[in-house]
Every structure is written in structure tokens, then in C-alpha cells.
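Here's the letter readout for the chains.
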Amino acid sequence: MDSPQPPPPPPLPPSSLLHNLITFDTKLSLSLYTLTQPIFPRFFLKLLEISGDGRLFFPIILSVLLSPLPSTSPILFTVLVNLLIGSVLDLIIIGTVKHLVRRHRPVYNKHMFLTFAVDHWSFPSGHASRVCFIASVIYFSSDLVSDILGQLEVDLVGFGGYESVRWLNFGVVGWACATSVSRVLLGRHFVFDVAAGAGLGVLNALFVVNVLNCEFFRSVVAIL
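This text gives an overview of the structure that appears in the document. Every residue gets a number counted from 1 within its own chain, in the order that chain's sequence is written. Totals for whole chains, interfaces and linings use every residue, but because this is a predicted model, local features are given only for residues with pLDDT of at least 70 and side-chain atom pairs only at 80 or more, for both listing and counting. Each side-chain value is derived from all of the structure's non-hydrogen atoms; neither hydrogens nor water enter the calculation.

### Considerations on the packing of aromatic side chains
- Two rings from Phe, Tyr or Trp (for Trp, the six-membered ring) form a pair when their centres are within 6.5 Å of each other. A pair whose planes differ by under 30 degrees is stacked, one over 60 is edge-to-face, and the rest are tilted. Taken as a whole and assessed by the stated rule, the structure comprises six aromatic pairs.
- Judged by centre distance (6.1 Å) and plane angle (65 degrees), the rings of F57 and F58 are edge-to-face. Each member of the pair, F57 as well as F58, carries the same accessibility label: buried.
- With a centroid separation of 5.8 Å and 65 degrees between ring planes, the pair formed by Y139 and F140 is classed as edge-to-face. Relative accessibility thresholds used throughout: buried, under 20% of the residue-type maximum; exposed, over 50%; partly exposed, between the two (1.4 Å probe, protein chains only).

As C-alpha cells, then:
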């Protein structure tokens, strides 16, 4: 009598879309990191990293808020408060998402100083969200920025307020893009981390400029 045949092995589960995306993201990020190592000086990428660090941005914005400049230009005070509100929101949003997703950083990420426990996690990029938030607020507030330059009697390029604002927007958007890309080239993040962080930064700016801004809190204080 023939012995019973063992049951066939269970079929392998199909690869999920999420797994395929993560695999693609990991390979793409490693390729970009490897290919650009001989091209971009590390000190330049580190300068971009420092320029988008919250430990630099918060002291700067608080120092300007406490300086005599806001009394010279009340509109500047409004924009600075909007930047401060959005930056606090950015910390809350990015920290919460990092804690929930808990994606590990690239294995080739070296010599990184961690400020908070959630900085162990990679998704989304806090630098990308912060710099894209700052650039977006300045871009969406172009009319206010033009008035600020007029009140402070500042002409950035010698062509009047409109050209000054245009060049300022060009500069901050370029800085935000370069800093975001540098997160992949330094090995700090994967590409999707940076894309998600940049998107969250722009959405945060839209929310602050249109809803939760300085004028909103002034109206609340007036009601109270």
C-alpha cells in the first residue's frame, strides 16, 4: 500500500504593493547615495543639513521676534508668528508620524546627532518638512513680504519691491529643494521620506497661512 503523499506547501503570499514600493525606494535611495558620493562635497551637504535644523531655526526666529524689527514693521511680526506657529505644528506632526510608522533609517547613515527619541525613525523627513514649510510660507505671503521690505526700506537686488520678492522666493525655494535632496545624498533618509516630508511641509504652510495664523489668535484674544 502506497504511503500518503505529504500535503503541498502553502502558496507564497503575493508581494504587497507597499512591500514593492519600500524595496524600490530602498534601492533607489542607495543608488543615489552611492552615485553622488564622489560628486558633492560632504561639507556642503552638511551645511545644508545645519541650515534646515530646528535647533538653528527656532533661536533665529525667537531672536528676531524679540528684536526691535517687529516694531518697525508690524507685518513682519505677523509673518514671524505664522512661522513660529507652523514650526511648532511641524514638530508635532512629524514626531507623531515618525512614532506611528517607525521606519528605520538607511543602514549607511553615519554620524548623526539625534535630538529626540523619534529621530531614530526615518519617515517622514523632518528637515524636508521644515524647509518646505518655511519656503512655502514666504512664497504664499509674497504680498506681505513686499510690504515688509517697503516698511524696512530694504531693496534686495536694486530693482524695487517686486523684483526683490521674486528673487527672495527663488532663493528660499532653491534652498528648500537643495536641503531636501541633501537628506538622501547624506544617507539620512530614503527618497519617499523626503517626498512625504516636503508634502507635509507645504500642506502645513497652507493650513497656517489660511487658517491657524496670527490673525486667528488675535481674533480669539479679542473675543476673550
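### Comments concerning the pattern of salt bridges
- Think of a salt bridge as a Lys or Arg side-chain nitrogen and an Asp or Glu carboxyl oxygen that are within 4 Å of each other. Evaluated as defined, the whole model comprises seven salt bridges.
- Between E49 and R188 there is a salt bridge; the shortest N-O distance is 2.8 Å. Here E49 is found in helix α2 (residues 42-51), whereas its partner R188 is found in the loop between α8 (161-185) and α9 (191-210), with 139 residues between them in sequence. Here E49 matches R188 in class, with each residue buried.
- Residue R55 is joined to D53 by a salt bridge in which the shortest nitrogen-to-oxygen separation is 2.5 Å.
- Under the relative-accessibility criterion, D53 is labelled buried at 14%.
- Taken together, the shared-partner salt bridges connect K46, E49, R183 and R188 into one network. Counting from the N terminus, the helices are DSSP H or I runs at least four residues long and the strands are E runs at least two residues long.

These figures capture arrangement, not role.
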